[in-house]
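Residue strings, one per chain:
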Amino acid sequence: MIIGIPKEIKDQENRVAIIPGAVSELAKNNTVYIEKGAGLGSGITDQDYIEAGAEILDSADEIWAKAEMIYKVKEPLESEYKYFREGLIIYTYLHLAGNEKLTQAMLDAGVIGIGYETVQLDGALPLLRPMSEIAGRMAVQEGARYLTKPAGGRGILLQGVPGVRPANVVIVGAGVVGTAATRIAVGMGARVTVLDVNIEALTNLSNIFPDKIETLYSNPLNIEESVRNADLVISTVLIPGRKAPQLIKEDMVKQMKKGSVIVDVAIDQGGSTDLTKNRPTTHTDPTFVEHGVIHYAVANIPGAVAMTSTYALSNATTRYAKAISEMGLKAACERFPEIISAVNIYEGKVTYQPVAEDLGLEYTALDLGL
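Residues numbered from 1 in each chain as written. Predicted model: local features only at pLDDT ≥ 70, side-chain atom pairs only at ≥ 80, totals over all residues. Heavy atoms only, no water.

Undergrad: Could you give an account of the environment of alanine 60, naming the residues involved and the relevant values?
TA: Note on placement: alanine 60 falls in helix α3 (residues 60-66). If near-sequence neighbours (up to four positions away) are discounted, alanine 60 is found in contact with Glu35 and Tyr83. (Helix = DSSP H or I, 4+ residues; strand = E, 2+ residues; numbered from the N terminus. Contact = heavy atoms within 4.5 Å.)

So this is what it looks like as structure tokens:
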């Protein structure tokens, strides 16, 4: 198969889909084309790729035109829709439930859309996990920065000092992102409260951080009380493949102290607060202020630490890229059934039910004759 890796064009997106070690694996049985300069933001040169077996092409036009499978990091942007064509496989983070325009463009063109975020294996999301880990850790780092006065915040040091209270950090969601955020917030000495509906997840966190955190069952009353008293709120709510629910209401935000911060890590799936819903920000312009509260809703948080993120992502995604390119999609799904749930779009049909339901589109079960 001909695999094409274009340069990412999302704002300040310095990740690239593939590392040289993965190129050497794929190039044994495939042709691998990489756009000139695609890896520079992650510290990978064109020569590194050439030595691993890739061919460098000068433009995105060439990459998209030649490739049978496009291997990316982030969802195609509107300027890339012109490259879509029937039968082209696009393997990347898609987050279609929060992006009706992209979904329709893919349906109209007849592409095959395989989303990293809906690969499901034993109840886990193995291709989402590494970026979730990074996003959770960075959420605290970014939140701490925006709590400082020069950044517009209250002027609070997250860990406090002897005789002065630390910041009150509220984390909504105890999944992978929430656990990563909790680890960093606790490590920095903050006062941490974690909310979730999953009692087992809360129990696990309590066992990991005994006497270091407070856990609460996630219901509207507990969320409202916790958010009202928070200096930093990190919202990590995730329902695989679906739009994020808006658990943090505008009335709650109005009750927060001026200069407090909300970091919405669920923005890829449409946003998990009333005010960030469908209002993503960028690394160039990362925040907005509503009701005196700073909202950070960057849709590609891990892109800021591209060298770390690229290697983590490529390590996770290469095995399936190798299977699809060498065996074909049908055989790859037979060998790795978890790929089936990742096929969101196939031959003009929505084949992932949560996306169809959230966007009000017809759902068609994937039929590869398995």
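This is not the end of the story, as more comes after the structure.
Undergrad: Quick one: what's the story with the packing of aromatic side chains, residue by residue and with numbers?
TA: In the structure shown here, the tally under the stated rule is eight aromatic pairs. Ring plane angle 40 degrees and centroid distance 6.2 Å describe the contact between tryptophan 64 and phenylalanine 84, whose orientation is recorded as tilted. A residue pair is termed long-range when its members are at least 10 positions apart, and tryptophan 64 in helix α3 and phenylalanine 84 in the loop between β4 (69-71) and β5 (89-92) qualify at 20 residues. With a relative accessible area of 1%, tryptophan 64 lands in the buried category. In this structure phenylalanine 84 comes out as buried when scored by relative accessible area, which is 9%. Measuring from ring centre to ring centre gives 5.5 Å for tyrosine 320 and phenylalanine 336, while their planes differ by 90 degrees; the resulting arrangement is edge-to-face. Here tyrosine 320 is found in helix α10 (residues 306-327), whereas its partner phenylalanine 336 is found in the loop between α11 (329-335) and β14 (343-346), with 16 residues between them in sequence. An aromatic cluster of at least three residues, connected via ring pairs, comprises Trp64, Tyr81, Tyr83 and Phe84. (Phe/Tyr/Trp six-rings, centres within 6.5 Å; stacked < 30°, edge-to-face > 60°. Buried < 20%, exposed > 50% of the residue type's maximum accessible area, 1.4 Å probe, protein only.)

Undergrad: Describe the packing of helix α5 (residues 129-146) against helix α6 (residues 176-187), listing the residues and the values that go with them.
TA: Taken N-terminus to C-terminus, the directions of α5 and α6 make an angle of 40 degrees; their axes are 7 Å apart at the nearest point. The two elements α5 and α6 cross, and the hand of that crossing is right-handed. For the pair α5 and α6, contact is made by Arg129, Ser132, Glu133, Gly136, Arg137 and Val140 and by Val176, Val177, Ala180, Ala181, Ile184 and Ala185, respectively. Broken down by class, the residue content of the contact of α5 with α6 amounts to seven nonpolar, two polar and three charged. (Axes fitted to C-alpha atoms, helices over the stretch in contact; angles between N-to-C directions. Left-handed = near helix turned anticlockwise from the far one by under 90°. Nonpolar A, V, L, I, M, F, W, Y, C, P; charged D, E, K, R; others polar.)

Undergrad: Can you break down the sheet that holds strand β11 (residues 261-264) residue by residue, with the values?
TA: What the seven strands build is an open sheet, ordered β9-β8-β7-β10-β11-β13-β12; its pairing is mixed. Pairing within the sheet leaves two strands with one partner each, and these edge strands are β9 (213-217) and β12 (287-290). Ignoring which end each strand starts from, the neighbouring axes of this sheet average 20 degrees apart. Looking at chain direction, strand β10 (residues 232-235) and β11 are connected through four bridges and run parallel. Bridged to leucine 232 within β11 is valine 261. Contacts from helix α8 (residues 220-228) reach β7 (168-172), β8 (191-196), β9 and β10, with the element oriented near 160 degrees to β8. (Pairing = 2+ DSSP bridges.)

Undergrad: Lay out the sheet that holds strand β3 (residues 55-57) with the relevant residues and their values.
TA: Judged by pairing direction, the sheet is mixed, and its eight strands sit side by side in the order β3-β2-β1-β4-β5-β6-β14-β15 without closing on themselves. What marks the edges here is a single partner per strand, and that holds for β3 and β15 (349-350). Where β5 and strand β6 (residues 112-115) come together, four bridges link them in parallel fashion. For isoleucine 89, the partnering residue across the bridge sits in β6 and is isoleucine 112. With respect to the sheet, helix α4 (residues 100-109) is in contact with β5, β6, β14 and β15, its orientation differing from that of β14 by roughly 45 degrees. Together, β1 (2-5), β4, β5 and β6 form the strand contacts of α10, whose direction differs from that of β4 by roughly 175 degrees.

Undergrad: So, the pairing of β5: which residues are in play, and what are the values?
TA: Burial along β5 is two-sided: the face carrying Ile89 and Tyr91 and the face carrying Ile90 and Thr92 are both buried. Taken together, the three bridges between β4 and β5 define a ladder with parallel strand orientation. Residue pairing in the sheet places isoleucine 70 in a bridge with isoleucine 90 of β5. Regarding the hand of the β-α-β motif, the stretch spanning β5, α4 and β6 is right-handed. (Right-handed = clockwise from strand over helix to strand, strands pointing away.)

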